[in-house]
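A structural walkthrough
As a plain string of letters, each chain reads:
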Amino acid sequence: MKDYLLIIKTEGCIWTDLSAEQLQKHMENGSAYIGNLMQKGILKGANPIEKEGSRIIKKNQGTLKDGPFNESKEVVAGYFHISAKDTDAAVAIAKENPIFNDIPTQIEVHPLMPIGG
Amino acid sequence: MPKVSEVHTLIEHFFRYESGKMIAVLTGLFGSNNIVLAEDLVQDTLMEAMANWTYKGIPENPSAWLYTVAKNKALNSINREKYRNRYALETRYEWQKSEETTMPEIFSPDNISDDQLRMMFLCCHPAISPDSQIALILKTLCGFSISEIGRAFMTSKENINKRLVRTRKIIRTQNISFNLPHKKHIKQRLDAVLETIYLLFNEGYSASVGHKAIREGLCLEAIRLTELVLANKAVDNKGSVYALLSLMQLNVSRFGARIDDQGNLRTLEKQNRSLWDMYTMEKGFANLKKATQDALLTKYHLLAGISSYHCSAKSFEATDWMGILSLYDRLLILDSSPLVVLNRVIVLLQIGKTQDALAQLGKIEKENALVSHHLFYAVKSDLYAKMGKMTEAGKSLQKAIDLAPLLAEKKLLRDRLKKISEKK
């Protein structure tokens, strides 16, 4: 088994238009998804990213950019840390994320390099 | 990561109900001139919950989670200098005067219940028109979005938004307080609240237009709001509240039989009574009993009584029409509107008082509310049919078909017309 980092990128402020009922539905879909990953022992960690407070630092250019990055349409919304057999399996897991049904989303799948041992 | 055994679920409409509670409590905090701020903070809170819970799972006590986040957001907002001046109006909370950044437990069960009641009185203030009252109730207490309210009323979300903006402006400019009305006025103001809830219920119940699920949702919200009023200690004289609740439960209990598997409307006469929801019906009967605890008799008592006659009839033929007629006679004293007269005519026809029915129908023939109402012509057609005037019966029925707003209603009436034509 190998560890993978799934980075969830969504488009801006789409959620603000959703009703309480819709938000609950999306939340329940997402919660069922991670519940399933937990049950199968696939999920090792997950966290959403705060809306404000992100910084992009490009030290060599001496620039520092403030978040939230509304001007760039894509926002890093959160990450999942999972274990999977191989990249194909990790991609398959990422594809099942119900967030795709809700808003424009990209998920990056990165294999984590095993360290030590 | 939480363990698998700790995965929690939410009750249906959890976000909507919690939204209603939080908007009421935050409006209590910021004052009725800041409803929008309360609404925005609550929407933010729900979004934050959604973002967190899709990664972390639903917490063990989701309500407490929401309240903590909402409280922090409120605190941040208060601490922002630009808002500080705006809170001068309401003085229920001590902290407003101090610089301290602590806050009392605003989300206690008692406070939630009281503030929801205050919100109801605010929404149903006489300075606000009935349509706007309902829109504001749905937005604040029921957690509906503007588009959802638009769908419920078959209008655009822009229209609803305009209506809400106007309403909030009335509240601001007239300084309508978030405090409970004075004891002297509470009875009168409660009547206004019940009237609006009943309007909301009818909006959902009269199957004239709109999506079935949405309309049933309105009825269930009306019932929930009435239960909120009942649960509050500030309201004594609960007879009329029990009566309204009973009336709505008895009517809702027959929902399941109103439309058959093919989507056809079923009149009371043709309904499969085994599809009635006995659980809700029993609650309706129990509340009707409680409604008679004080001497006051309202139109809700009479309407609930009429409904209870229908509910307790084993079959359509076994309906106690004389009992129903006597309640309509008393209702007429309280409310002599054309629609009540029309419904009484239906009862008169059932017990064969054709001449009486003819005279009564004549009285309301020119009423504006009825000349374009399909039900009026459907009843008229029934009357003609009973008198053996089949040609006239057919003509009236055709008019009813033309006026009926719903396809299912048109179909029902067309089937009836076919039967009349066969009898000619």
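As the structure is a computational prediction, the values presented were derived from the model and not from experiment.

Scoring rules and cut-offs
- Residues numbered from 1 in each chain as written.
- Chains lettered and ligands numbered in written order.
- Predicted model: local features only at pLDDT ≥ 70, side-chain atom pairs only at ≥ 80, totals over all residues.
- Contact = placed C-beta atoms within 7 Å.
- Helix = DSSP H or I, 4+ residues; strand = E, 2+ residues; numbered from the N terminus.
- Nonpolar A, V, L, I, M, F, W, Y, C, P; charged D, E, K, R; others polar.
- Pairing = 2+ DSSP bridges.
- Axes fitted to C-alpha atoms, helices over the stretch in contact; angles between N-to-C directions.
- Expected span 1.5 Å × (residues − 1).
- Buried ≥ 20, exposed ≤ 12 C-beta atoms within 10 Å, placed from the backbone.
- Core = buried A, V, L, I, M, F, W, Y, C linked by C-beta atoms within 7 Å.
- pLDDT = per-residue confidence, 0-100.
- Left-handed = near helix turned anticlockwise from the far one by under 90°.
- Parallel < 35°, antiparallel > 145°, perpendicular 65-115°, else oblique.

Let us now look at the interface of chain B and chain A. For an interface, size is often stated in terms of accessible area lost upon the parts coming together. The partner chain A presents 22 residues to the 26 residues of chain B that form the contact. Going through the elements one at a time, α1 (14–30), α2 (35–56) and α7 (146–152) of chain B are the ones with two or more residues in the side of chain B that touches chain A. The greatest single-element share of the side of chain B that touches chain A, amounting to ten residues, is contributed by α2(B). Class assignment of the residues belonging to the side of chain B that touches chain A gives a composition of 15 nonpolar, eight polar and three charged.

As a further point, take the sheet that holds strand β6 (residues 105–111) of chain A. Residues and elements named next belong to chain A. Strand order in the open sheet formed by four strands is β2-β5-β1-β6, and the pairing between neighbours is antiparallel. Each edge of the sheet is formed by a strand with only one pairing partner; in this case those strands are β2 (43–48) and β6. Here the average twist between neighbouring strands, direction ignored, is 15°. With ten bridges joining them, strand β1 (residues 2–11) and strand β5 (residues 74–84) adopt antiparallel strand pairing.

For the rest of this paragraph, the subject is α1(B). Residue and element names in this part refer to chain B. Relative to the 24 Å expected for 17 residues at 1.5 Å per residue, α1 spans 24 Å between its end C-alpha atoms, a close match to the ideal helical length. For α1, the tally of buried residues reaches 16 of 17 residues, placing the bulk of the element in the interior. Once α1 ends, the next one or two residues include G31, with phi positive near 95°.

Attention shifts here to the nonpolar core. Soluble, globular proteins show a tendency: their nonpolar side chains are buried together. L26(B), M120(B), V193(B), A222(B), L244(B) and M248(B) are the most contacted members of the largest nonpolar core, which has 110 residues in total. Here M248(B) is in contact with F201(B), C219(B), A222(B), I223(B) and T226(B), once residues within four sequence places are set aside. Core analysis: the next-biggest nonpolar cluster, separate from the first, contains 16 residues, I34(A), L43(A), I93(A) and I107(A) among them.

What follows concerns the confidence of the model for chain B. This prediction gives chain B a mean pLDDT of 88; 91% of its residues lie at or above 70. Model confidence for the complex: the whole-complex pTM is 0.85, and ipTM, which rates the interface, is 0.86.

Here we take up the packing of helix α16 (residues 354–364) of chain B against helix α18 (residues 374–386) of chain B. All names here are of chain B. Axis separation between α16 and α18 bottoms out at 10 Å; the angle between their running directions is 145°. Where α16 crosses over α18, the two elements pack in a sense that is left-handed. Residue-level contacts link T354, A357, L358 and L361 of α16 to K380, L383 and K386 of α18. In the contact of α16 with α18, the residues fall into four nonpolar, one polar and two charged.

The side chains of a regular strand alternate between the sheet's two faces. Of the pairings in the sheet, the one linking β2(A) to β5(A) comprises five bridges and is antiparallel in character. Within β5(A), the position partnered with G45(A) by the bridge is H81(A).

Residue and element names in this part refer to chain B. One non-glycine residue with positive phi stands out, namely H13, at about 60°. Within the secondary structure layout, H13 lies in the segment before α1. Even without a glycine there, the phi angle at N175 is positive, about 50°.

Before going further, it helps to spend a moment on the packing of α18(B) against helix α19 (residues 390–403) of chain B. All names here are of chain B. At their nearest, the axes of α18 and α19 sit 8 Å apart, and the two run at 165° to each other. Between α18 and α19, the crossing angle belongs to the class labelled roughly antiparallel. Considering how the two elements wind past one another, α18 and α19 form a crossing that is left-handed. Contacts between α18 and α19 involve H374, Y377, A378, K380, S381, Y384 and A385 from the first element and M390, E392, A393, S396, L397, K399, A400 and L403 from the second. Across the contact of α18 with α19, the residue classes tally to nine nonpolar, three polar and three charged.

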